[in-house]
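# A look at the structure
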Amino acid sequence: MVNSLGASVAGAVEARRGEFGTLADGRKVESAELANAKGMSVRILALGGVIQELKAPDRNGKPADVVLGYATAQQYLDQPQYFGATVGRYANRIAVGKFSLDGKQYQLETNDGPNHLHGGKQGFDKVLWKIESVSAGSPAKAVLTYTSADGEGGYPGRLQVTATYTLNDKNELSIEYRATTDKPTIVNITNHSYFNLAGEATPTDVFGHRLTLFASKYTPVNATLIPTGERRAVARTAFDFTKPHAIGERVRDGRDEQLRIARGYDHNYIVDGEAGQLRPAARVEEPTSGRVLELLQSAPGVQFYSGNFLDATSTGKSKRVYRQGDGFCLEPQVFPDSPNRSDFPSARLNPGQTYVNTMVLRFSAAP
Ligand code: BGC
């Protein structure tokens, strides 16, 4: 069998290093590509550890790119939407950018109204990572690293981060973030892929995708999308995806204040089961192609975002203008604003400890 990198393979998954492009300031952006013989492949950029392309087969075995993204590297800096990006040091929001550790207060940049979002203006999505290794095999693997200096973005501690992407021949892409620090700090790193399982090039939104979330509670938010502290049961609300529902079925339900605040879904779900253990968080099925994405994760929460702020200002890889609801994100993470909430799972990392966030994206097709 011949995979999409054009190489003959027997079980093993191919891997290749390449050059994706050049930034306006002349810096080169390397890439890593992994491809199996089952129609699945992924391209990862050194810029932001971005998943720039992810192909998965439909029910007839036909692969399509199922993530939103840009054709050129510079667009990721010019029009940041966090497409496919590694988000950190702290993914999601921290209220008014403030938190304290051991009695000392820290002020982070405020880049989302009054709040800090996704690590600030120069977060992990906008820096060049080092591609340490790209190796074929079963699974194939790409390892990227980034060292964030003490004080970068206002965060304490020198943080050494490793992002490992592996693709096996069962159509599972796993992503594992690890980090260590030399001073107590906070960490919350995730991947911010926007999926459209019908294919990025198809001119349809994701409202027909059927979503299951293995979460019986979520964390409602205030007007600036900071959790109020409540853990609310999803039962009998528009937030209940414990049984499959189309994403669009209730997204316009203006009777639900939470949907009005966020202009749709943009909420942290508390994944059932034990945090720290890899367990099912979500299943998404796209009826026309049959493509199914299952997400397994170790993190306590998952942000489900229905692409509410895509506003036709970005044009994607296939020259398609992205509009509201054209992609959805599932971002495994600790809860938003947890540094300010002692009752939420902690985002604290001490020297000598290793932060680990593991997620598995498993693709298949329903008949
Ligand atoms: C957030 C959204 C935000 C988006 C930016 C998501 O993780 O929850 O509120 O607009 O990232 O791309």
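Here we summarise the structure given alongside this text.

Conventions and cut-offs
Residue positions are given per chain, counting from 1 as you read along its sequence in written order. Totals for whole chains, interfaces and linings use every residue, but because this is a predicted model, local features are given only for residues with pLDDT of at least 70 and side-chain atom pairs only at 80 or more, for both listing and counting. In computing side-chain properties, one takes all heavy atoms of the structure into account and sets aside hydrogens as well as water. Helix numbers and strand numbers start at the N terminus; a helix is a DSSP run of H or I with at least 4 residues, a strand a run of E with at least 2. Radius of gyration here is computed from C-alpha atoms only, and the compact-globule reference equals 2.2 Å multiplied by the residue count raised to the power 0.38. The cut-offs for exposure are 20% and 50% of the maximum accessible area for each residue type, with area from a 1.4 Å probe on protein chains only; residues under the lower value are buried, those over the upper are exposed, and the others partly exposed. Strands were regarded as paired on the criterion that DSSP finds at least two bridges between them. For Phe, Tyr and Trp, rings pair up if their centres lie within 6.5 Å, where Trp contributes its six-membered ring, and each pair is then called stacked (planes under 30 degrees apart), edge-to-face (over 60) or tilted (otherwise). Only Lys NZ and Arg CZ are tested; either one counts as a charge over a ring when it is within 6 Å of the ring centre and within 35 degrees of the ring normal. If a single non-hydrogen atom of a residue is within 4 Å of a molecule or strand, that residue counts as near it. Within 3.5 Å is the distance limit for a polar contact, defined as a pair of N or O atoms, with the added protein rule that one can donate a hydrogen and the other accept it, and that residues adjacent in sequence qualify only through two side-chain atoms. Gly is placed with the polar residues, together with every amino acid not listed as nonpolar (Ala, Val, Leu, Ile, Met, Phe, Trp, Tyr, Cys and Pro) or charged (Asp, Glu, Lys and Arg). Two residues qualify as a contact provided that any one of their heavy atoms is within 4.5 Å of a heavy atom in the partner residue. Only one rule defines a salt bridge in this text: a Lys or Arg side-chain nitrogen within 4 Å of an Asp or Glu carboxyl oxygen. Only buried residues count toward a nonpolar core. Its members are Ala, Val, Leu, Ile, Met, Phe, Trp, Tyr and Cys residues joined through side-chain atoms within 4.5 Å.

## Thoughts on the overall build of the protein
When helices and strands are counted, the protein shows two helices and 28 strands. Against the 2.2 N^0.38 benchmark of 21 Å for 367 residues, the protein shows a C-alpha radius of gyration of 19 Å, consistent with a compact globule. Expressed as lengths along the three principal axes of its C-alpha atoms, the size of the protein is roughly 60 × 45 × 40 Å. A total of 367 residues make up the protein; the buried ones form 58% of that total.

## Observations regarding the sheet that holds strand S14 (residues 172–181)
An order of S11-S12-S13-S14-S28-S24-S23-S18-S21 is seen for the nine strands of this open sheet, with the pairing classed as antiparallel. Sheet topology places strand S11 (130–135) and strand S21 (245–246) at the edges, where each strand pairs with a single neighbour.

## Looking at the packing of aromatic side chains
Under the counting rule described, the total for this entry stands at 20 aromatic pairs. Look at Phe-239 and Tyr-269: their rings are 6.4 Å apart centre to centre, the planes differ by 35°, and that puts the pair in the tilted class. Separated by 30 residues along the polypeptide, Phe-239 in the loop between strand S20 (232–233) and S21 and Tyr-269 in strand S22 (residues 266–270) bring together distant segments of the chain. The exposure class of Phe-239 is buried, given its relative accessible area of 0%. Using a relative accessible area of 0% as the deciding quantity, one classes Tyr-269 as buried. Through a chain of ring-to-ring contacts, three or more aromatic side chains come together here, namely Tyr-70, Tyr-76, Phe-83, Tyr-194, Tyr-305, Phe-309 and Tyr-322. Over the ring of Phe-241 we find Arg-250; its NZ or CZ atom is 4.8 Å from the centre of that ring. One cation-aromatic arrangement involves Arg-341 over Phe-344; the distance from NZ or CZ to the ring centre is 5.8 Å.

## Things to note about the site of the ligand
Every residue lining the ligand is accounted for by Gln-81, Tyr-82, Arg-93, His-118, His-192, Tyr-194, Asp-266, Gln-303, Tyr-305, Phe-309 and Glu-331. One of the backbone nitrogen or oxygen atoms of Gln-81 is found 3.2 Å away from an oxygen atom of the ligand. A distance of 2.8 Å is found between an oxygen atom of the ligand and a side-chain nitrogen or oxygen belonging to Glu-331. Across the shell around the ligand, the residue classes break down as four nonpolar, four polar and three charged.

## Points about the environment of Pro-227
Inspection of the secondary structure assignment puts Pro-227 in the loop between strand S19 (217–219) and S20. Pro-227 sits in the buried class, given a relative accessible area of 3%. The sequence separation of Pro-227 and His-267 amounts to 40 residues, and the corresponding C-alpha distance is 8.7 Å. For Pro-227, the contacting residues outside a window of four places in its chain are Thr-219, Pro-220, Val-221, Pro-336, Asp-337, Arg-341 and Phe-344.

## Quick notes on the pattern of salt bridges
The full count for this structure, using the stated rule, is 18 salt bridges. A salt bridge links Lys-317 to Asp-65; the nearest nitrogen and oxygen atoms lie 2.7 Å apart. Linking Lys-317 in the loop between strand S25 (301–305) and strand S26 (328–333) with Asp-65 in strand S5 (residues 63–65), this pair joins segments that are 252 residues apart in sequence. What makes Lys-317 buried here is its relative accessible area of 16%. Of the charged contacts, one joins Asp-125 and Lys-126 as a salt bridge, the two residues approaching to 2.7 Å between their closest N and O atoms.

## Describing the pairing of S11
Pairing of S11 with strand S12 (residues 140–148), which is carried by five bridges, proceeds in the antiparallel orientation. The residue bridging Ser-133 from the neighbouring strand is Val-143, located in S12. Connecting the antiparallel pair S11 and S12 is a turn made up of four residues, with Gly-137 showing a positive phi of about 145°.

## A closer look at the pairing of strand S1 (residues 14–22)
On any regular strand, side chains alternate: one points to one face of the sheet, the next to the other face. Pairing geometry for S1 and strand S2 (residues 28–35), over eight bridges, is antiparallel. The partner of Gly-21 across the bridge, within S2, is Val-29. In this structure, the hairpin formed by S1 and S2 is closed by a connection of five residues, where Gly-26 is found at a positive phi of approximately 95°.

## Some words on the sheet that holds S19
The six strands are arranged S17-S26-S25-S22-S19-S20 in an open sheet whose pairing can be described as antiparallel. One side of each edge strand has no neighbouring strand; the edge strands of this open sheet are strand S17 (194–195) and S20. When S19 meets S22, the two strands line up antiparallel, connected through three bridges. Across the sheet, Lys-217 pairs through a bridge with Ile-270, a residue of S22.

## Regarding the nonpolar core
Leu-54, Tyr-269, Phe-304 and Phe-363 are the most contacted members of the largest nonpolar core, which has 64 residues in total. Here this core takes five residues from strand S13 (residues 159–167), the largest share from any one element. Setting aside its immediate chain neighbours within four residues, Leu-54 contacts Met-40, Ser-41, Val-42, Ala-64, Asp-65, Val-66, Val-67, Leu-173, Phe-195 and Phe-363. With 17 residues, the next largest nonpolar core counts Val-29, Leu-47, Leu-68 and Tyr-322 among its residues.

## What to know about unusual backbone geometry
The general pattern is negative phi for most residues beyond glycine and trans for most peptide bonds. In the segment running from Gly-88 into Arg-89, the intervening peptide bond is cis, with an omega of 0°. You can see Arg-89 is positioned in the loop between strand S6 (85–87) and strand S7 (93–94). In this model, Ser-138 is joined to Pro-139 through a cis peptide bond whose omega is 5°. Relative to the helices and strands, Pro-139 resides in the loop between S11 and S12. Positive phi is not limited to glycine here, since Leu-225 has a value of about 70°. Along the chain, the position of Leu-225 falls in the loop between S19 and S20. Leu-225 gets classed as buried once you look at its relative accessible area, which sits at 8%. Located in the positive-phi region is Arg-263, a residue other than glycine, with phi close to 60°. For Arg-263, the location among the structural elements is in the loop between helix H2 (257–262) and S22. Residue Arg-263 is classed as exposed on the basis of its relative accessible area, which comes to 57%.

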